[in-house]
Each structure stands twice: as structure tokens, then as C-alpha cells.
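# Reading the structure
If you want the building blocks of each chain, they are given just below.
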Amino acid sequence: MGETGLDGSSTQRAPEGADPRAASVTYRREALRIADARHFATDYLTRSQRDLRSPVPERASEAVHLVVSELITNAVKYGADPIELTLSLTDDAVTVTVRDGDTTLPAPRPADPARVGQHGLEIVAALSQAVEVRPEPSGKRITARIALT
């Protein structure tokens, strides 16, 4: 069963028997603050280390926070409701997935140090082992896999 927060978020709890290494939250664009998503990531990583005894190195934790910030910022700026953030942990990586309701896929841009802004996907790619952008029937999904080692 989920809960609804003051920020318009709806936290999904894994059903009985589901993988305890994953958690997701859904936000309304107009109520979302990027810090809310970072706090969700902090709580998730803290719980993972405590409950699952799965250590997440500081470097990986910092990368997760930055990837969450960049992907959620893009969803707020360019996406549509609902915005869903899912984090999952395996033995070797943390996966960050952001879905939103806009079907327009982000277009990768060549690196340009003179460009102001719009470097989010470049940052995500630099911090991740892999980044996948996929269309979905009701929007798009961007997934970044961040190595623990």
C-alpha cells in the first residue's frame, strides 16, 4: 500500500514477496521539488545499507544523487505527469529509472563546453555504466546503471 506526501508524491511499497531491493515514488510535476527526489534516494540508499546490508560506496552514492537530480530535473522541465522515480540495487550496481508521460525522447547533443545548460544527459552518461532511453506507450523511460565498484 502506498502513501501520499505533502509534495504530491505517492510512494510505492513492494508487495509481499517482491524484490526488497527496489523502491519507487511517483510525483506530480507541479508539486515536485528536485530535493524531494534526492531525499528519496538518500532514504533508499540508507535503508539498503541497513536492511539489506548492501554497502553502497560513497562515490556510487554521490553518483546516484547526481543522476537522480539530472533525470528528475529533465522530467520536470521537459516531461509530463506522472513522473516516476525507481531505484533498484543489485550486487554490482544501482539502477535509476525515471519515467514521465511525455513521448518526446531527449536528443543527445555533441559535447560543447561553450553551451550553457542542457548537459544533463552528458553528466548522466559520464557517471553511468549504461544509459537507456526507451519510448513507452504512455511516455518515456530513462534508465541509468551506476556501478558500485
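Scroll up for the structure.
In this report, we go over the structure that sits alongside the text. Here the structure is a predicted model, which is why all the values come from computation and not from measurement. (Residues numbered from 1 in each chain as written. Predicted model: local features only at pLDDT ≥ 70, side-chain atom pairs only at ≥ 80, totals over all residues. Heavy atoms only, no water.)

This part takes up the pairing of strand β6 (residues 130-136). Where β6 and strand β7 (residues 139-147) come together, 7 bridges link them in antiparallel fashion. Bridge pairing links V131 to A144 in β7. (Pairing = 2+ DSSP bridges. Helix = DSSP H or I, 4+ residues; strand = E, 2+ residues; numbered from the N terminus.)

In this model, the largest pocket occupies a volume close to 610 Å³. Taken together, 30 residues make up the lining of the largest pocket; nearest its centre are N74, Y78, P106, A107 and L121. With 7 residues, helix α2 (residues 58-78) is the largest single contributor of residues to the lining of the largest pocket. Considering only residue class, the lining of the largest pocket consists of 14 nonpolar, 8 polar and 8 charged. (1 Å grid on protein atoms, 1.4 Å probe; cavity = no way out; pocket = protein on both sides within 12 Å on 5 of 7 lines; lining within 4 Å. Points joined across faces, edges and corners; volume = space filled by probe spheres on them. Nonpolar A, V, L, I, M, F, W, Y, C, P; charged D, E, K, R; others polar.)

Within the secondary structure, T143 sits in strand β7. We classify T143 as buried; its relative accessible area is 15%. Side-chain polar atoms of T143 contact the side chain of T97, separated by 3.2 Å. When residues no more than four places from it in sequence are discounted, the contact partners of T143 are T95, V96, T97, A130, V131 and E132. (Buried < 20%, exposed > 50% of the residue type's maximum accessible area, 1.4 Å probe, protein only. Polar contact = N/O pair within 3.5 Å; in protein donor to acceptor, adjacent residues only side chain to side chain. Contact = heavy atoms within 4.5 Å.)

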